[in-house]
Amino acid sequence: LSAVAAAIGVIGSLVAFALLWLIAVITNLAFYQRFSALPALPQVNHLGYWVIAVPVVGALIIGLMARFGSDKIRGHGIPEALEAILLGRSRIQTKVAILKPISAAISIGTGGPFGAEGPIIMTGGAFGSIIAQQFHLSAAERKTLLVAGAAAGMSAVFATPVAAILLAVELLLFEWKPRSFIPVAVAAIVAAAMRVPLLGIGPIFPIVAHNAPSGAQLIMASGVGLVAGLGAGLLTQLVYTFEDLFQKLPFHWMWWPAIGAVVVGVGGIIEPRVLGVGYDTIHTLLRGEMIGAAVAGLMIAKALVWAVALGSGTSGGVLAPLLIIGSALGALIGQWLPGHEAGLWALIGMAAMMSGTMRAPLTAMVFAVELTHDFMMLPALLGGTVAAFGVTVR
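The rules behind each value
- Residues numbered from 1 in each chain as written.
- Predicted model: local features only at pLDDT ≥ 70, side-chain atom pairs only at ≥ 80, totals over all residues.
- Heavy atoms only, no water.
- Helix = DSSP H or I, 4+ residues; strand = E, 2+ residues; numbered from the N terminus.
- Rg over C-alpha atoms; globule rule 2.2 N^0.38 Å.
- Buried < 20%, exposed > 50% of the residue type's maximum accessible area, 1.4 Å probe, protein only.
- Contact = heavy atoms within 4.5 Å.
- Lys, Arg positive; Asp, Glu negative; His and termini not counted.
- Charge placed at Lys NZ, Arg CZ, Asp CG, Glu CD.
- pLDDT = per-residue confidence, 0-100.
- 1 Å grid on protein atoms, 1.4 Å probe; cavity = no way out; pocket = protein on both sides within 12 Å on 5 of 7 lines; lining within 4 Å.
- Points joined across faces, edges and corners; volume = space filled by probe spheres on them.
- Nonpolar A, V, L, I, M, F, W, Y, C, P; charged D, E, K, R; others polar.
- Expected span 1.5 Å × (residues − 1).
- Axes fitted to C-alpha atoms, helices over the stretch in contact; angles between N-to-C directions.
- Parallel < 35°, antiparallel > 145°, perpendicular 65-115°, else oblique.
- Left-handed = near helix turned anticlockwise from the far one by under 90°.
- Patch = residues over 30% accessible without salt bridge, like charges linked within 9 Å, V, L, I, M, F, W, Y side chains within 5 Å.
- Areas by Shrake-Rupley, 256 points an atom, 1.4 Å probe, with all protein chains shown as cover.
- Salt bridge = Lys/Arg side-chain N within 4 Å of Asp/Glu carboxyl O.
- Core = buried A, V, L, I, M, F, W, Y, C linked by side-chain atoms within 4.5 Å.

J.: Account for the overall build of the chain, with residues named and values stated.
T.: Along the chain, the regular secondary structure elements total 16 helices and zero strands. Radius of gyration (C-alpha) of the chain: 20 Å, near the 21 Å computed for a compact globule of 394 residues. Along the three orthogonal principal directions, the C-alpha set of the chain runs to about 60 × 50 × 40 Å. Counting over 394 residues, the chain shows a buried share of 59%. Residue pairs in contact within the chain that sit at least 24 positions apart in sequence constitute 77% of those at least 6 positions apart. Charge centroids of the chain, computed over 19 positive and 15 negative side chains, lie 9 Å from each other.

J.: Summarise the confidence of the model for the chain; cite the residues concerned and give the values.
T.: Per-residue confidence for the chain averages 88 on the pLDDT scale, and 95% of its residues sit at or above 70. Mean pLDDT across the elements of the chain bottoms out in helix α3 (residues 78-86) (61) and peaks in helix α16 (residues 378-393) (96).

J.: So what about the layout of surface pockets? Which residues, and what values?
T.: Looking at the second largest pocket, its volume works out to about 630 Å³. What lines the second largest pocket is a set of 23 residues, and nearest its centre among them are Leu20, Ile23, Ala24, Pro39 and Tyr279. Where the lining of the second largest pocket is concerned, the elements lending two or more residues are α1 (2-32), α8 (178-199) and α11 (279-286). Sorting elements by how many residues they give to the lining of the second largest pocket places α1 first, with six residues. Looking at the lining of the second largest pocket residue by residue, the classes come out as 17 nonpolar, four polar and two charged.

J.: For empty space enclosed by the protein, give the residues involved together with the corresponding values.
T.: Per the counting criterion, the structure on display carries one cavity of 30 Å³ or more. Roughly 100 Å³ of internal volume is contained in the largest cavity. Residues belonging to the lining of the largest cavity are distributed by class as follows: nine nonpolar, eight polar and no charged.

J.: Quick rundown of the environment of Leu218? Include the residues and the values.
T.: For Leu218, the location among the structural elements is in helix α9 (residues 215-247). In this structure, the C-alpha to C-alpha distance between Leu218 and Gly384, residues 166 residues apart in sequence, is 8.3 Å.

J.: If you had to explain α1 to someone new, which residues and values would you point to?
T.: Under the 1.5 Å per step criterion, the end-to-end length of α1 is 44 Å for 31 residues, consistent within 8% with the ideal 45 Å. Just past α1, the residue Gln33 takes up positive phi, approximately 55°.

J.: Would you mind going over the side chain of Thr144 in detail, with residue names and values included?
T.: Mapped onto the fold, Thr144 is located in helix α6 (residues 139-158). Residue class for Thr144 comes out buried when judged on its relative accessible area of 2%. Those residues in contact with Thr144, other than ones at most four positions away along the chain, are Arg179, Ser180, Pro183 and Val184.

J.: Explain the side chain of Thr284 to me, using residue names and the numbers behind them.
T.: Positionally, Thr284 belongs in helix α11. Taking relative accessible area as the criterion, Thr284 reaches 19% and is therefore assigned buried. Filtering out sequence-adjacent residues up to four positions away, Thr284 remains in contact with Glu289 and Met290.

J.: For the packing of helix α12 (residues 293-311) against helix α13 (residues 319-334), give the residues involved together with the corresponding values.
T.: Direction vectors running N to C along α12 and α13 enclose 150°, while the axes themselves pass 9 Å from each other. When the axis of α12 is compared with that of α13, the two are roughly antiparallel. Where α12 crosses over α13, the two elements pack in a sense that is left-handed. Residue-level inspection shows Val295, Ala296, Leu298, Met299, Lys302, Ala303 and Trp306 of α12 in contact with α13, the latter providing Pro321, Leu322, Ile324, Ile325, Ala328, Leu329, Ala331 and Leu332.

J.: Would you mind going over a nonpolar patch on the surface in detail, with residue names and values included?
T.: Taken together, the side chains of Tyr49, Val262, Val266, Ile269 and Ile270 define a hydrophobic patch exposed on the protein surface, amounting to about 500 Å² of accessible area. Along the chain, Ile270 turns up in helix α10 (residues 256-270).

J.: Which residues make up the nonpolar core, and what are the values?
T.: Counting 119 residues, the largest nonpolar core has Met154, Trp306, Phe367 and Leu381 as its most contacted members. With sequence-adjacent residues up to four places away left out, Trp306 is seen in contact with Pro113, Phe114, Leu235, Val239, Gly317, Val318, Pro321, Leu322 and Ile325.

J.: Account for the environment of Gly311, with residues named and values stated.
T.: As for its position among the elements, Gly311 is in helix α12. Sequence separation between Gly311 and Thr357 is 46 residues; the distance between their C-alpha atoms is 15 Å. If we skip the residues at most four places from it in the chain, Gly311 touches Val239, Phe242, Glu243 and Phe246.

J.: Tell me about the pattern of salt bridges, residues and numbers included.
T.: Counting across every chain of the model gives three salt bridges. Note that Glu175 and Arg179 form a salt bridge whose closest N and O atoms lie 3.0 Å from each other. Among the residues examined, Glu175 registers a relative accessible area of 14% and is labelled buried. A salt bridge links Arg273 to Glu271, with the nearest nitrogen and oxygen atoms 3.0 Å apart.

Here is the structure:
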């Protein structure tokens, strides 16, 4: 299993590279009418009000792909991987492995407020499942290779192999046994090594390391975590509310993503930073370079646009939006805390929001550290993520 998982790690890193390349190409075509794979920011386009049409066209294509290709491409990836494990005996169809990354690239490349991590987890898991199905393996062994593919994809996209392994344990494996842990770790390690020549070294959000947190800061970090936990609960309820509203529409679900995309386009007119993945926005918040009303406006706009778009059943991931919303919340709270270190509290808020929403505190803590290499903040991050986790569980 470990030998096969190593091969899956290579495939997962190649799929991650292809997905990010495709997102860049579609972003350039959709917003700047040029063919290029160089990174492009949709929020600095010059389309004016025509920007509303861009996500709508992308959503119409995704609706057609879901109806006539596979409806498994709908959603953000992690629940679909869970469904395959719990209900599908860890079997995923080949067409899902092909259509999921293409649909996600179209969604994100045309301005969808999502991240690439959910789709790559689903896609990497699909390739792991497909390879596993070529051998006479048990359902437990197929699950291990499916999760190995998912961990490889996340490790390659974010340069976070340890967090990818923890995510696999906390959300997908439901166990911590050598039979599953070791192959998953092998896949994540191989993908992390492959990332260097393909996408470059990490971290993807480098910041100036903070000093070791004081006792008072540890208490305040837990307080930020409590608020983020409440925010995570509200976000979850907001997504469910919009899902229920779309369910009541009197026409086929194929058209729902286009309706949600209208909201995305309008949101892009009001607050352009809600468009696309938003990694540059996350980095700005973590460096403490955004404060005041701009942070509040970004947080509210991103939450609403993301909840509507996700509720419409389009294709896209949740991690990047959660990082933006959480870091904005932390930066907002940080303006009222001693020292006014907006970047510090943005980091705590980012991890806490991820922990509260996904109920994976260890993953969120390590993920934040691997993204920034701010290792001194581990105790404060643990306090924030555990506090948020406790709130959402209650």
